[in-house]
Amino acid sequence: MRFVIARLNHETNTFSPVPTPLEAFEPHWGQGALEAARGTRTAMGAFLDLADELGAQVSTPVFAWANPSGPVDDAAYQQITDCIVDAVARGCDAVLLDLHGALVTVTRDDGEGELLERVRAVAPGVPIAVALDLHGNVTQRMVENADIIVSFKTYPHVDMYEAGAHAGLLLARMLAGEIRPVMAWRRPPLMTHTLRSATDQGAMRHAVEAARDAEQEGLLGVSVLVGFSLADIPAPCLSVIAIADGDRAKAEACAERIARQAWGERRNFCYQSEPLADSMRRAREQASGPGSGPVLLLDHGDNCMSGGTCDDMEVLRAALAGGLEDILVGPVCDPQAVAELVAAGRGAHVVLPIGNKRALDKLGISRAPLVLEGTVRNLSDGRFIVTGPTYTGQPMDMGRTVVFDTGAARLVLTERIQEPLDVGVFACVGEDPGQASYLLLKSRMYRADGTIARGVRRPGRNLLGLQPVSIQPRAAPRIPAGRGHPLGSGMMHATEQAIIVRRLAVFVVALSWSRSRARTRLALGP
Ligand SMILES: [Zn+2]
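Residues numbered from 1 in each chain as written. Predicted model: local features only at pLDDT ≥ 70, side-chain atom pairs only at ≥ 80, totals over all residues.

Novice: Even after reading the chapter, I still don't get the pairing of strand 10 (residues 239–245), so can you show me in this structure?
Specialist: Along any regular strand, the residues point their side chains to alternate faces of the sheet. The buried fraction of strand 10 is high, at six of seven residues. As paired elements, strand 8 (residues 181–186) and strand 10 share six bridges and run antiparallel to each other. Directly across from Arg 186, in strand 10, lies its bridge partner Val 240. Summarising the sheet, strand 9 (residues 221–225) and strand 10 pair through five bridges and their orientation is antiparallel. In the sheet register, Leu 225 faces strand 10, and the bridge partner there is Ser 239. (Buried ≥ 20, exposed ≤ 12 C-beta atoms within 10 Å, placed from the backbone. Helix = DSSP H or I, 4+ residues; strand = E, 2+ residues; numbered from the N terminus. Pairing = 2+ DSSP bridges.)

Below you can see the structure in the form of structure tokens.
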């Protein structure tokens, strides 16, 4: 038996100005891909373990993963996918792909759908199993061109390997003639905020619990994908995929039921924010209250793990305007400022413009850098080893890194974008995040559970209030709707559809780009 096993992962934020060339994937090819994937807790790692167990030969054309960022360069997508399709075309008994589900290129809305269609075309009849990220935006094309799709059931994602093992096991049973998987898919027109995709709370928890229950009751696999709404594509929405053994009606009924349940709880997938000035007031109150440790300010809107530039200065601007002091900030990516400060040297007193250097053209947002006066406190090569708990032991390289001290704030400035996933982002330049009064992280909320935020005052965190920016969606999600319910069959009354589309547009604006200190108003008010 011969399996083709490959990994192509990218969560595309089509509004992000951060480019995604081939180098962003740091792709490993052929034998290098096998070595890169083996032993990892990824879906591809699980596929390789399964192949070992079954004694199957493997062909591993590519192992490619990139940080979330803007649309993938077409040439990079072409090169990686050609490599996978060519490997399949050489002949195999099964295909196992570790994909994300939200890959958009400069000219394609549905990166995974096109790849799967090409794979099927060169190997008709060969079983295809796919593992997807929980944030995948599923399409008809993906469902039609795969036999098995299983997504993660956790966010933060701690079951990548398990999702791969699940998909792989179903494929193995299919090859052995034990089961005949049939998939059903539902996609209510429900765009969700990434801060509402945690699987340990709210509506998403309920949906995933329902999926697990259905598996307990005999479905082969049930996945709830929360979708990734920062994509201006026809349907960046929540999906449910149910797989039954030969019983299409059973799969359809399960997908329908869980999708309806999620739709019923749709308000819970919205995130309500407050004005930034209010957040700063709350932060000051917390700092003067009981307890010790820094108050955590999470600039989740400029989170590089959703395509943020990590150079937005509006939260720091508001914090300084709000009178906060002893703020540790970062990492802020500004290679120009780093070069200037490195040249000035440790101890130098400098006035310079920092951040806001990458305009968000697709959102019509462009702001002036924050001009700050301060002292170069420390310099480093920006390299550190992650102490964990996530990515433990992995080396990180932020490029040259500088601590710039303005008195009220100490900024950790880097040459490269780096998520503050570990205390090392500060420790490598001699800063201890636990000692600051305020810790301003460019992060999404869940990273607050990592070591970096240990000992923060109030476990409730201090998510920053961000005003929605207005975006006219390029294409509103289509609603295959019955009257009164967007999941039903038949035609929807025009007015009803208009109301839902309008509401969706509000979701789009509310959810689209949280780094939205823009003073713009909603184009479509609630
Ligand atoms: Zn994800």
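Novice: Explain the sheet that holds strand 8 here, please?
Specialist: By way of backbone hydrogen bonds, the strands of a sheet pair with one another, either parallel or antiparallel. In space, the three strands of this open sheet follow the order 8-10-9, with antiparallel pairing throughout. Since the sheet does not close on itself, it has two edges, and those belong to strand 8 and strand 9, each with one partner. Neighbouring strand axes in the sheet, compared pairwise and without regard to direction, differ in orientation by 15° on average. Helix 8 (residues 202–216) contacts strand 9 and strand 10 of the sheet and is inclined by roughly 170° relative to strand 9. (Axes fitted to C-alpha atoms, helices over the stretch in contact; angles between N-to-C directions. Contact = placed C-beta atoms within 7 Å.)

Novice: For this particular structure, what's the right way to read helix 8?
Specialist: Since there are 3.6 residues in each turn of an α-helix, residues three or four apart along the chain are aligned in direction. Relative to the 21 Å expected for 15 residues at 1.5 Å per residue, helix 8 spans 21 Å between its end C-alpha atoms, a close match to the ideal helical length. Those residues of helix 8 that sit buried are Ala 203, Met 204, Ala 207, Val 208, Ala 211 and Ala 214. Axial view of helix 8: buried residues confined to an arc of 135°, hence all on one face. Elements in contact with the buried residues of helix 8: strand 9, strand 10 and helix 9 (248–264). Immediately downstream of helix 8, the backbone of Gly 218 shows phi near 120°, a positive value. (Expected span 1.5 Å × (residues − 1). Arc of directions from axis to C-beta.)

Novice: Got a minute to help me understand the environment of Met 191 in this structure?
Specialist: For Met 191, the location among the structural elements is in the loop between strand 8 and helix 8. The buried category is assigned to Met 191, around which 30 C-beta atoms lie within 10 Å.

Novice: Whenever I open this one, the nonpolar core confuses me. Can you help?
Specialist: In this structure, Ile 5, Val 95, Val 130, Ile 148, Ala 242, Ile 243 and Ala 255 are the most contacted members of the largest nonpolar core, which totals 102 residues. Residues in contact with Ile 148, not counting those within four places in the same chain, are Ala 129, Val 130, Ala 167, Leu 170, Leu 171, Pro 181 and Ile 243. Counting residues in each nonpolar core, the second largest holds 46 residues, with Leu 276, Leu 324, Val 412 and Leu 413 among its members. (Core = buried A, V, L, I, M, F, W, Y, C linked by C-beta atoms within 7 Å.)

Novice: Could you clarify how one ought to interpret helix 4 (residues 74–89) in this entry?
Specialist: For helix 4, spanning 16 residues, the distance from its first C-alpha to its last is 21 Å, which sits close to the expected 22 Å at 1.5 Å a residue. Check the buried side of helix 4 and you find it contacts strand 1 (2–9), helix 1 (22–25), strand 3 (57–59), strand 4 (62–65), strand 5 (94–99) and helix 5 (111–122). Gly 91 sits one or two residues past helix 4 and shows a positive phi near 110°.

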